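Residues per chain are reported as follows:
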Amino acid sequence: ESSENVNVRGALIVLEGLDRSGKTSQCSRLHSYLAEQGIPAELWRFPDRNTCVGQMISSYLANKSQLDDQAVHLLFSANRWEKRSLMENKLKSGTTLIVDRYSYSGVAFSSAKGLDIEWCKAPERGLLAPDLVLYLDISPEEAAKRGGYGGERYEQLEFQRQVSQQYRILRDGTWKIIDACLPVEDVEKQLRKLVFDCIIACRNGNPCPH
Ligand code: DGP
Ligand code: NA
Ligand code: NA
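None of the values given here were measured: they were computed from a predicted structure. Sequence order as written defines the numbering, with residues in each chain counted from 1. Throughout, the order in which chains and ligands are written sets their labels, letters from A for the former and numbers from 1 for the latter. For a predicted model such as this one, the threshold for reporting local features is a pLDDT of at least 70, and the threshold for listing and counting side-chain atom pairs is 80 or more; totals across whole chains, interfaces and linings nevertheless cover every residue. Side-chain figures throughout are based on the complete set of non-hydrogen atoms in the structure, without hydrogens or water.

Colleague: Can you break down the coordination of the sodium ion (ligand 2) residue by residue, with the values?
Modeller: Coordination of the sodium ion (ligand 2) by the protein is provided by D19 (OD) and E155 (OE), with metal-donor distances spanning 2.5 to 2.8 Å. Partly exposed describes any residue whose relative accessible area lies between the buried limit of under 20% and the exposed limit of over 50%, with all areas from a 1.4 Å probe on protein chains only and scaled to the type maximum. Taking relative accessible area as the criterion, D19 reaches 14% and is therefore assigned buried. Atoms are scored as donors when they are N, O or S and lie within 2.8 Å of the metal, with 3.2 Å used for Na, K and Ca; no water is included, so coordination may look incomplete.

Structure, rendered in structure tokens:
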């Protein structure tokens, strides 16, 4: 049997959570795990600060520029749109994408500022739907205790409390909620199983086609 089945598609796997929830390190652990398993996978993150739009976002996050809330919301969204077709091609070619933040961050962080949630969702419509959303659950207080807030614009306890509430509104029954306060290895173990099962389901043509 050939593993080069042209019909095989990769899974779009999104990790979400507050700042300091451990997403970034868990994403890279997952990526290494998939590599060990011989599963083609790439590590992605949003915002992608490498594009022109991403550089505007990065400067805004570093408080080096000021932008209206609506304007920056649309930039974050554009940053996902500018990667859409590349993502789609990767998935179609069988590559699984492990994505550190996606549209849910877009909606949670902007609606946390008081923007209307439906307005926030609108520019995200038409982006690729994830096959799996993994939410690393941590209270804003616990996350703040971890230290290492890098001093970027949103990395403040009171704001993270608002973001946390918005995530709660956004989540639905399909999200997998993982207790991010468990030891790293336990979080990793849970994530591995969920991700592996999702990849197999995608290979078999299940959940949502892109
Ligand atoms: P990160 O590189 O994952 O630390 O993300 C940078 C910060 O930007 C973080 O505080 C989360 C926030 N963020 C990520 N995506 C979006 C988005 O689409 N919209 C808004 N408003 N904020 C976002
Ligand atoms: Na951050
Ligand atoms: Na992160």
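Colleague: Now, about the packing of helix α5 (residues 103-111) against helix α8 (residues 157-170): what can you tell me, with residues and values included?
Modeller: Between α5 and α8, whose axes approach to 8 Å, the crossing angle comes to 130°. Between α5 and α8, the angle falls in the class oblique. The chirality of how α5 crosses α8 is right-handed. Across from Y104, S105, V107, A108, F109 and S111 in α5, the residues of α8 making contact are F159, Q160, V163, Q166, Y167 and L170. By the convention adopted, Pro, Cys, Tyr, Trp, Phe, Met, Ile, Leu, Val and Ala count as nonpolar, Lys, Arg, Asp and Glu as charged, and the other residues, Gly among them, as polar. A per-class count over the contact of α5 with α8 returns eight nonpolar, four polar and no charged. Structural elements are reduced to axes, namely lines fitted to C-alpha atoms, with helices fitted over the stretch in contact, and the angle between N-to-C directions of any two is expressed from 0 to 180 degrees. Helix and strand definitions here come from DSSP, where helices need a minimum of 4 consecutive H or I residues and strands a minimum of 2 consecutive E residues; each element is numbered from the N-terminal end. Roughly parallel covers angles under 35 degrees, roughly antiparallel covers those over 145, roughly perpendicular covers 65 to 115, and oblique covers all other angles. Note on convention: near helix rotated counterclockwise from far helix by under a right angle means a left-handed crossing. Clockwise means right-handed. Contacts are assigned to residue pairs with any non-hydrogen atoms lying within 4.5 Å of each other.

Colleague: Tell me what's going on with the pairing of strand β1 (residues 12-17), and back it up with residues and numbers.
Modeller: Most of β1 is tucked away, with six of its six residues classed as buried. Whether two strands pair comes down to DSSP finding at least two bridges between them. The pairing of β1 with strand β3 (residues 96-100) spans four bridges and is classified as parallel. Each residue of the ladder has a partner; that of L15, found in β3, is D100. The pairing of β1 with strand β4 (residues 132-137) spans five bridges and is classified as parallel. Residue I13 lies in a different strand from β4, and its bridge partner there is L132.

Colleague: Tell me what's going on with the packing of aromatic side chains, and back it up with residues and numbers.
Modeller: Two aromatic rings from Phe, Tyr or Trp, using only the six-membered ring of Trp, form a pair when their centres are within 6.5 Å; if the ring planes differ by under 30 degrees the pair is stacked, by over 60 it is edge-to-face, and anything between is tilted. Going through the model one piece at a time under the given rule, you end up with ten aromatic pairs. Ring geometry for Y135 versus W175: centroids 5.8 Å apart, planes at 35°, classification tilted. With Y135 in strand β4 and W175 in the loop between α8 and β5 (176-179), this pair connects stretches of sequence that are 40 residues apart. As far as the burial class goes, Y135 and W175 line up, both buried. With a centroid separation of 5.0 Å and 20° between ring planes, the pair formed by Y154 and F159 is classed as stacked. By the burial criterion, Y154 is buried, and F159 matches it. Criterion for a charge above a ring: Lys NZ or Arg CZ within 6 Å of the ring centre, and within 35 degrees of the ring normal. Positioned over the ring face of Y60 is R153, at 3.7 Å from the centre of the ring.

Read these as layout, nothing more, since geometry by itself doesn't imply function.
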